[in-house]
Amino acid sequence: MRHFVAIFICSFLLSNLVTAQTPKNQNPSDIYHAVKKLNFLGTALYVAAHPDDENTRLIAYLANNVHARTGYLSLTRGDGGQNLIGPELRELLGVLRTQELLAARRVDGGEQFFTRANDFGYSKHPKETLRIWDKNTILGDVVTTIRKFKPDVIINRFDHRSPGTTHGHHTSSAMLSVEAFDMANDPNAFPERLASTELWQPQRLFFNTSWWFYGSQEKFEKADKSKLLNVDVGIFYPTLGKSNNEIASLASSQHLCQGFGRLSTRGSQTEYVELLKGDLPKGKNDLFEGINTTWSRIEGGEQIGTILNKVEENFNFKNPAVHLSDLVKAYNLLQEVSDEHWKNLKSIELRTIISAITGLHIQAFVTTANSNPGEVISVTMEALNRSENKIVLESISINEQQISDATSNLVENELYKKTIDFTIPLNMNFTSPYWLLEKGTLGTYKVDDEELIGLPETPRAFNATFNLVFEGTKIPMTTSIIYKYAKPDKGEIYQPFEIVPEATASFSDKVIIFSDDTPKEIPVTIKAHKDNIAGVVQFCFDNKWSVDKEVKEFNIAEKGDEQTVFFTLSPPQSEDESYISPIIKLNGANITKELATIAYDHVPTQTILLPSQAKVVRLNIEKVGEHIGYIMGAGDAVPTSLEQIGYKVHQIDPADITEATLDKYDAVVLGIRAYNVVKELSFKQKYILDYVKDGGNVIVQYNTAGRWNSQFENIAPYELQVSRDRVTDENSEVIIIAKDHSLVNYPNKISEDDFSGWVQERGLYFPNKWSKEFTPILEMKDEGESIKKGSLLIAPYGEGNYIYTGLSFFRELPAGVPGAYKLFSNMLSVGKDKLENEDQIKG
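Residues numbered from 1 in each chain as written. Predicted model: local features only at pLDDT ≥ 70, side-chain atom pairs only at ≥ 80, totals over all residues. Heavy atoms only, no water.

Asks: Account for the packing of helix α12 (residues 324-334) against helix α13 (residues 340-357), naming residues and giving values.
Replies: Running from N to C, α12 and α13 cross one another at 160 degrees; their axes reach a closest spacing of 10 Å. With respect to each other, α12 and α13 are oriented roughly antiparallel. The two elements α12 and α13 cross, and the hand of that crossing is left-handed. In this structure, α12 uses L324, L327, V328, A330, Y331 and L334 to contact α13, whose residues at the interface are W342, K343, K346, S347, L350, R351, I353, I354 and I357. Considering only residue class, the contact of α12 with α13 consists of 11 nonpolar, 1 polar and 3 charged. (Axes fitted to C-alpha atoms, helices over the stretch in contact; angles between N-to-C directions. Helix = DSSP H or I, 4+ residues; strand = E, 2+ residues; numbered from the N terminus. Parallel < 35°, antiparallel > 145°, perpendicular 65-115°, else oblique. Left-handed = near helix turned anticlockwise from the far one by under 90°. Contact = heavy atoms within 4.5 Å. Nonpolar A, V, L, I, M, F, W, Y, C, P; charged D, E, K, R; others polar.)

Asks: Outline the sheet that holds strand β19 (residues 482-487), supporting the account with residue identities and numerical values.
Replies: The 5 strands are arranged β16-β12-β10-β19-β20 in an open sheet whose pairing can be described as mixed. Looking at strand neighbours, the two that pair on one side only are β16 (416-423) and β20 (491-496), the edges of this open sheet. This sheet shows a mean twist of 35 degrees between the axes of neighbouring strands, independent of strand direction. The sheet contact formed by β19 and β20 spans 6 bridges and is antiparallel. Residue K484 lies in a different strand from β20, and its bridge partner there is Y494. (Pairing = 2+ DSSP bridges.)

Asks: Report on the pattern of salt bridges, specifying residues and quantitative values.
Replies: According to the stated counting rule, one finds 40 salt bridges in the structure shown. Between K150 and E198 there is a salt bridge whose closest N-O contact spans 2.1 Å. A residue pair is termed long-range when its members are at least 10 positions apart, and K150 in the loop between α6 (135-149) and β4 (153-156) and E198 in the loop between α7 (168-183) and β5 (204-207) qualify at 48 residues. (Salt bridge = Lys/Arg side-chain N within 4 Å of Asp/Glu carboxyl O.)

Asks: Can you lay out the sheet that holds strand β28 (residues 562-570) for me, pointing to particular residues and giving the numbers?
Replies: Pairing is antiparallel in the open sheet, where 4 strands are placed in the order β22-β24-β28-β26. In this open sheet, the two edge strands, each paired with only one partner strand, are β22 (503-507) and β26 (546-547).

Asks: Describe the packing of aromatic side chains, listing the residues and the values that go with them.
Replies: Taken as a whole and judged by the stated rule, the model has 26 aromatic pairs. Joined through ring pairs, the aromatic side chains of F507, F539, F541 and F567 make up one cluster. Against the face of W435 rests R77, its NZ or CZ located 3.4 Å from the ring centre. The cationic tip of K552 hangs over the ring face of F567; the distance from NZ or CZ to the ring centre is 5.1 Å. (Phe/Tyr/Trp six-rings, centres within 6.5 Å; stacked < 30°, edge-to-face > 60°. Lys NZ or Arg CZ within 6 Å of the ring centre and 35° of its normal.)

Asks: Summarise the nonpolar core; cite the residues concerned and give the values.
Replies: Ranked by size, the top nonpolar core spans 75 residues in total, and within it L670, Y802 and F824 carry the most contacts. Of all hydrophobic cores here, the second largest spans 57 residues; its members include I298, V337, I398 and L468. (Core = buried A, V, L, I, M, F, W, Y, C linked by side-chain atoms within 4.5 Å. Buried < 20%, exposed > 50% of the residue type's maximum accessible area, 1.4 Å probe, protein only.)

Asks: An account of the environment of L62 is needed here, citing residue identities and associated values.
Replies: Position of L62 relative to the elements: it lies in helix α3 (residues 56-64). Judged by its relative accessible area of 3%, L62 is buried. Counting along the chain gives 182 residues from L62 to N244, while the straight-line C-alpha distance between them is 9.9 Å. Each residue touching L62, except ones within four places of it in the same chain, is listed here: A44, H67, A68, T70, I155, L287 and F288.

Given below as structure tokens:
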């Protein structure tokens, strides 16, 4: 168990060494800050449901003012959200949001943890949430995190006493935390997990409340505050040159894919926490009051504390290296204590401080982004002592394999550099997010390895340990092997070093729609991750479909190059849904993965191995019209989906819209949240409505309620009030209430069966009030709720039609849901049946 705890602590701290930017050197103020943290032996855990739920103000306060070891347990990775900066959704969005959380913690000083819960989308009640998550599994993960992290205080972001009033994930996170508070110290609770953890009892449980939870500032002022503590999170840190709220704002702004980039806030600000369990501190502004957070907390710790408190009191900002002797003495004493938890944790902190005060630079890097098992790579090791202190490098090992044993004195400011050839073991696992290695359920990721559960990311494949001697004491310093390179326009760049297969294959489209029985050429792109590879790719398909040739050869000379081979796939005569996949046969191995890459400046580049497959759908679908104008909003893949069924989609820059600009299109579609995020639309709305009046067809997809530019009196030609109504059960019954309307009859006959197979939800932000000109087409509801009729509304305006829909086409079309394609085709074709009839009469 002790070995496991060490892995848990080290894996997290090492993960923070690999960033998208050049590592930050510690200045004396940073080192002094670290020493103060070293002398505080207390831990706080913040608990919520998603990335960006966390209160960075309170996390930053606890980590930087209280100096507590502070963690954030996000039950999910935010997979069910949306992405404002790129195309990543679902699992890939979860990877991106994981990295944004880690970036936030690097700013505010916290640590990051997760459970295996999958963010399956909005949930209205914790009953549904806990059923889909598998409550016992996720509760066990929360208990396990508490047992590993050993918090003295736990703070819930949400109120466990208000089920059904907010997002079910939010309330569930609080309910599980409350339940786990006592279970963590119960030997009968999850006893199978005690092999890798030990019992732990937190001292206090709080709810991070505010006036918002009371309904108004006035109600909050009148509320009983006898169990409330308050702290000023707006304090200024002179040694850091920043206020707590400035740190918190920067941390929160790491959540860029959720549009959380924001201005910094400054000045006094009060945060409140309500005591739920444990004893109430006598003072109303110290969450740790009465809890021993000094070195005397551990047996043998008082002597260590005497030394380190002296270092803190007499810290030399001009030359921090003068404290080396005391720090080494404290390190030696720490190795003798019996408390493995604090020994492991504080040893890492001490090693980091010793490295910082001596200006020690250690680095192990390669000149390639990835490699394969069995391949020989060149690893360059650097060590540099930038102090007058004597430091001896005894040896270097990679993953406990010693690769250099020549003792070297690290003379002040003389770079030690050595490059060696290192063979990647044949049994080395490929690098990929551990929670995506196996297929899970709708609500829970499948992870069986107890050592991984809770970690924010997969531990790095290779770590280099520099075995150093400081004043006669051996102190190992470990760093991950990274890929380092430079770009003329960006400078030095650090990137994780990954282990990948020799080749991967992918389809350009994840959903391929056959609107008739015409065969299509399906490109399969093979990417080489090694020089000089030659093999075959086998095309796998269902027996209802047929392909011209099942196996085709490829030959690629250079690593990083790609070759595309084409298979001609013929669909069946009748409607069908199936999957296709490529298998690369190379050097005796069968490779079934594709390599996805996530690259943004604010997070480290991520490579993800996923099953390579595409959904193929044979549809009997009719469409009218050809050219569709599309005004992109917050970002979606609807244009690509429409092109799959034969439309020519033209992206429209709102700035270019003028009178008659839109007349050339058979229909104009506004992407999700367009009125929320595209400011220019406030000046172009007249032209859009004029287009409708002159006979055009406009489809507006969902917008969040009331968040459009104040210049809009209304986003529709008639009264339309968008609400927060939504139907989250993707299998809820849908009833067509306007059965004779052309929208459900032309050119495709729509029935209730067309609403089967939908994913994640029916829709969101439905209008709940509209003028008589609008006709509601559908009605639906979640269990136990009132009927919602605002999911699809149409109104004639002049010679054309205005459609507003909160149905989640942005999810359903990329998922290849047949009924969603037919209904969207009908929306694009509205009014064209009258034109056909007129042409026939004229004829």
